[in-house]
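Listed below are the residues making up each chain.
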Amino acid sequence: MNGADTAFVLISAALVMLMTPGLAFFYGGMVRVKSALNMLMMSFISLGIVSVLWVLYGYSLAFGDDIGAGLLGNFDHIGLKGISPETLTGGKDGIPVLAFALFQLMFAVITPALMSGALADRVKFSAWALFITLWVTVVYFPIAHWVWQPDGWLAQLKVIDFAGGTAVHINAGIGGLAAVLVVGKRIGFTKDPMRPHSLPLVMLGAGLLWFGWFGFNAGSALAANGTAATMAFNTQVATGAAMLGWLVYERIRHGAFTTLGAASGAVAGLVAITPSGAAVNAFGALLIGVVAGAVCSWAVGLKFKLGFDDSLDVVGVHLVGGVIGTLLVGVLAVNGVGGAVQLGRQAVGAFSVLAYSFTVSWLLAKLVDKLVGFRASEDDEVSGLDQALHAETAYDFSAVGGAPAHRSAAPAPSAAGQQQPPAPNSKKVDA
């Protein structure tokens, strides 16, 4: 066993795990206050569901020996059968398979969580849990096999996806779009203000994502080596360049440099460099970042022109950013890797994942809608999903500004403007 590589992969797995809570903060700050907890839970529940499914059959379907045509792994490792602490990858100088399985589990966890932002504010929590159970089973696990298992058909085609441009970001982005088309638009979309309730939470989430992404990208080398160092360095510079690209476009187009734009631009850069970072040099990484930041900033406005309600811009950032990063490998890869042939391979990888994921995700969303109803009730959506689905609220202001005990409660105005008597034993609370 290579102890240094094993330690590196275990630490990277922990960093990728942190990305899911980071994503929860990133998304949670962007929604209205009445559904903030629901947004957090839509990410957190993936940690539970996918961890269980990964042991039962997920790892085997994704990384078991191919059953034929490079489409799916076999069932030899159901329940992680045949894998012990002494089972190593790569022969005598490898890492424990359990370390590799843990690292890949974290990718499986965050991918469906990414989709949740597209459906914010309007779906039943139980329906969402059922959807991601089905989705990782028939969409994520097979696509992970296509891309990362050596006998997967895209791996055999020599498609370059170092850390998840196709399997994670294009997959989640197009899957989220398919689900949105089934569920429909939020009540008041394009009419009511739907501004983020906490931009500090958004910035905190973006920072945690940026931090964890070093494990996501560099850890995919599965070794503490030069490839990991290249990937880590390119991750940093592409993300910084993308943030600047987004902000410049935003300033020209909308007249301001926003904190939401800075956070979103950083995530767009992280997405775009994910498939390509190990194949390009630092100047290529800068170019990928600038292009991703500017193009994704433009793409988030498409939902208003095309009429689909992608609540938190999963399509504009993850789908578009994933396609940009995947295709630019064919243009910017160094050491004789890039070129027209590689660009063609990258296009096959990107658009085959896009087509499969969209079709199956749409069918799964339809199935969930038929079985249990995907969408929350109109009353729950209007009043807020936190209280309706979780019996909690994100912020408790009941003790803030409380009146002195000796002051009597003033009658509160009704909706019609009339004075109503105070409830028995009530105390006046100043807003």
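In this text, all values refer to a predicted model and were calculated from it rather than measured experimentally. (Residues numbered from 1 in each chain as written. Predicted model: local features only at pLDDT ≥ 70, side-chain atom pairs only at ≥ 80, totals over all residues. Heavy atoms only, no water.)

Colleague: When you look at the overall build of the chain in this model, what are you seeing that I'm missing?
Modeller: If you tally the helices and strands in the chain, you get 15 helices and 2 strands. Relative to the compact-globule value of 22 Å for 431 residues, the chain shows a C-alpha radius of gyration of 23 Å, a close match. Within the chain, the fraction of its 431 residues that count as buried is 53%. Sequence separation of 24 or more characterises 76% of the internal contacts of the chain that already satisfy a separation of 6 or more. Distance between charge centres in the chain, computed from 22 positive and 23 negative side chains, equals 9 Å. (Helix = DSSP H or I, 4+ residues; strand = E, 2+ residues; numbered from the N terminus. Rg over C-alpha atoms; globule rule 2.2 N^0.38 Å. Buried < 20%, exposed > 50% of the residue type's maximum accessible area, 1.4 Å probe, protein only. Contact = heavy atoms within 4.5 Å. Lys, Arg positive; Asp, Glu negative; His and termini not counted. Charge placed at Lys NZ, Arg CZ, Asp CG, Glu CD.)

Colleague: Would you mind going over the side chain of His-390 with me for this structure?
Modeller: Locating His-390 in the fold gives a position in helix α15 (residues 385-390). Beyond its immediate chain neighbours, meaning those up to four positions away, His-390 contacts Asn-38, Met-41, Phe-125 and Leu-385.

Colleague: I would appreciate a short explanation of the packing of aromatic side chains in the present structure.
Modeller: Centre-to-centre distance and the angle between the planes together describe a pair of aromatic rings. For the structure shown, the criterion picks out 17 aromatic pairs. Relative to Tyr-27, the ring of Phe-26 lies with its centre 5.9 Å away and its plane at 35°, an arrangement referred to as tilted. Their ring planes at 10° and their centres at 5.7 Å tell us that Phe-189 and Phe-304 sit as a pair that is stacked. Of this pair, Phe-189 sits in the loop between α6 (165-183) and α7 (199-218) while Phe-304 sits in helix α11 (residues 302-306); the two residues are 115 residues apart in sequence, bridging distant segments of the chain. Members of the aromatic cluster, joined through ring pairs, are Trp-54, Tyr-57, Tyr-59, Phe-63, Phe-100, Tyr-140 and Phe-141. (Phe/Tyr/Trp six-rings, centres within 6.5 Å; stacked < 30°, edge-to-face > 60°.)

Colleague: Whenever I open this one, α6 confuses me. Can you help?
Modeller: The terminal C-alpha atoms of α6, which comprises 19 residues, lie 26 Å apart, in line with the 27 Å expected from a rise of 1.5 Å per residue. Taken as a whole, α6 carries its principal kink of about 30° at Asn-171. The buried fraction of α6 amounts to 18 of the 19 residues, a majority that puts the element mostly inside the structure. Residue Gly-184 follows α6 closely and has a positive phi angle near 100°. (Expected span 1.5 Å × (residues − 1). Bend = angle between axes of the 7 residues up to and from the residue.)

Colleague: It is not clear to me how the packing of α7 against helix α9 (residues 259-276) should be interpreted in this structure. Could you clarify?
Modeller: The packing of two helices is summarised by the inter-axis angle and the distance between the axes. Look at α7 against α9: their axes get within 9 Å of each other, and the N-to-C directions meet at 15°. Considering their axes alone, α7 and α9 lie roughly parallel with respect to each other. Crossing of α7 over α9 shows left-handed handedness. Every residue of α9 that contacts α7 at Leu-199, Val-202, Met-203, Ala-206, Leu-209, Trp-210, Trp-213, Phe-216 and Asn-217 is listed here: Thr-259, Leu-260, Ala-263, Ala-266, Val-267, Leu-270, Val-271, Ile-273 and Thr-274. Here the contact of α7 with α9 is built from residues that sort into 15 nonpolar, 3 polar and no charged. (Axes fitted to C-alpha atoms, helices over the stretch in contact; angles between N-to-C directions. Parallel < 35°, antiparallel > 145°, perpendicular 65-115°, else oblique. Left-handed = near helix turned anticlockwise from the far one by under 90°. Nonpolar A, V, L, I, M, F, W, Y, C, P; charged D, E, K, R; others polar.)

Colleague: What is the right way to read the environment of Gly-90 from this model?
Modeller: With respect to the element layout, Gly-90 can be found in the loop between α2 (36-63) and α3 (97-115). Classification of Gly-90 by relative accessible area gives exposed; the value is 74%. Considering only alpha carbons, one finds Gly-90 and Ala-24, 66 residues apart in sequence, at a separation of 35 Å.

Colleague: Would you mind going over the pattern of salt bridges with me for this structure?
Modeller: Side chains that carry opposite charge are capable of pairing whenever their charged atoms lie near each other. According to the stated counting rule, one finds 6 salt bridges in the structure shown. For Asp-121, the salt bridge identified is with Arg-186, shortest N-O distance 3.6 Å. Placement of Asp-121 in the loop between α3 and α4 (125-148) and of Arg-186 in the loop between α6 and α7 is noted, with a sequence separation of 65 residues between them. The exposure class of Asp-121 is buried, given its relative accessible area of 4%. One salt bridge connects Glu-381 with Arg-375, and the closest N-O pair in it is separated by 3.0 Å. Through salt bridges with shared partners, a single network forms among Arg-32, Asp-121, Arg-122, Arg-186 and Asp-309. (Salt bridge = Lys/Arg side-chain N within 4 Å of Asp/Glu carboxyl O.)

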